[in-house]
Amino acid sequence: MLTAGTYTLEVTADDCEPLSKEITISADIATHTQAFELVYKSADYTELDKAEKAAKALNKDDYEDFSEVEKALAAIDRTKNITEQADVDAMVKAINDAVANLVKKTPASSQPDSSASDSSSADSSSKAASNASNTNPSTGVAGGAFALALLSGAAVVMAKKKK
């Protein structure tokens, strides 16, 4: 039995935040019963923080479809307590799985479409070959450099000077 007065009460319980509270006990024994509401500790978000940071560091434009990652990130719920840790772990798994399933876009080819340039490449090759044996009288430079450039796929613009 407590005597009438004010007491500081500290309550701890597994998976709960510690509670510290002052209570007042009166001489009336009927008031000695007190109710306290304990609050669960927050879930551990350490792994979720890591997965979220890694996913947000990615450039979504580098991937064919980034929607599953965005969906997993949008589903993050930071209101879970320790009894709901499995839900947090499922969020981590969803993000990590979505990132693991990403498919990088194939880089755009810098080469021209081969079907469109097949007919013109034969013309360019024959012109380049004929230019290889010609020497520009005003500069003394052989056309071979242009032929090599054309055959290697480089873009070269040549202008013929009228005499």
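Here, every reference points to the structure presented above.
Within every chain, residues take consecutive numbers counted from 1 along the sequence as written. Two thresholds apply to this predicted model, a pLDDT of at least 70 for residue-level local features and 80 or more for giving and counting side-chain atom pairs, whereas whole-chain, interface and lining totals are computed over all residues. Side-chain metrics in this entry use all non-hydrogen atoms of the structure; hydrogen atoms and water are not considered.

Visitor: Describe in detail the environment of Lys 71, supporting the description with residues and values.
Guide: Tracing the backbone shows Lys 71 in helix H2 (residues 67-74). Relative accessibility decides the category of a residue: with a 1.4 Å probe and only protein chains considered, values under 20% of the type maximum give buried, values over 50% give exposed, and everything between is partly exposed. Residue Lys 71 is classed as exposed on the basis of its relative accessible area, which comes to 55%. Spatially, the C-alpha atoms of Lys 71 and Ala 94 are 9.2 Å apart, while their sequence positions differ by 23 residues. Under the scheme used here, helices are H or I runs from DSSP no shorter than 4 residues and strands are E runs no shorter than 2 residues, and both carry numbers assigned from the N terminus.

Visitor: Account for the packing of H2 against helix H3 (residues 85-100), naming residues and giving values.
Guide: Between N-to-C directions, angles cover 0 to 180 degrees, with each direction set by a line fitted to C-alpha atoms, over the stretch in contact for helices. Taken N-terminus to C-terminus, the directions of H2 and H3 make an angle of 170°; their axes are 8 Å apart at the nearest point. As judged from the angle between their axes, H2 and H3 are roughly antiparallel. Of the two possible hands of crossing, H2 and H3 adopt the one that is left-handed. Residues Glu 68, Val 69, Ala 72 and Leu 73 of H2 touch H3, and the partners they reach there are Ala 94, Ile 95, Ala 98 and Val 99. Charged residues are taken to be Asp, Glu, Lys and Arg, nonpolar residues to be Ala, Val, Leu, Ile, Met, Phe, Trp, Tyr, Cys and Pro, and polar residues to be all remaining types, Gly included. A breakdown of the residues in the contact of H2 with H3 according to their chemical character gives seven nonpolar, no polar and one charged. Should an angle lie under 35 degrees it is considered roughly parallel, over 145 roughly antiparallel, and from 65 to 115 roughly perpendicular; all remaining angles are considered oblique. Note on convention: the crossing is left-handed when the near helix lies turned anticlockwise from the far helix by less than a right angle, right-handed when the turn is clockwise. We call two residues in contact whenever any of their non-hydrogen atoms come within 4.5 Å of each other.

Visitor: A description of the pattern of salt bridges should follow, citing residues and the corresponding values.
Guide: Salt bridge criterion: a side-chain nitrogen from Lys or Arg within 4 Å of a carboxyl oxygen from Asp or Glu. One pass over the structure, following the stated rule, counts eight salt bridges. With a shortest N-O distance of 2.6 Å, Arg 78 and Glu 52 are connected by a salt bridge. Remark: Glu 52 occurs in helix H1 (residues 46-56) and Arg 78 occurs in the loop between H2 and H3; sequence separation between them is 26 residues. On the basis of relative accessibility, which here comes to 39%, the residue Arg 78 falls in the partly exposed class. We classify Glu 52 as buried; its relative accessible area is 16%. The salt bridge involving Lys 93 is made with Asp 97; its shortest N-O contact spans 2.6 Å. Note that Lys 93 and Asp 97 are positioned in helix H3 at a spacing of four residues, about one turn of the helix. Here the residues in one salt-bridge network are Asp 49, Glu 52, Lys 56 and Arg 78, joined through shared partners.

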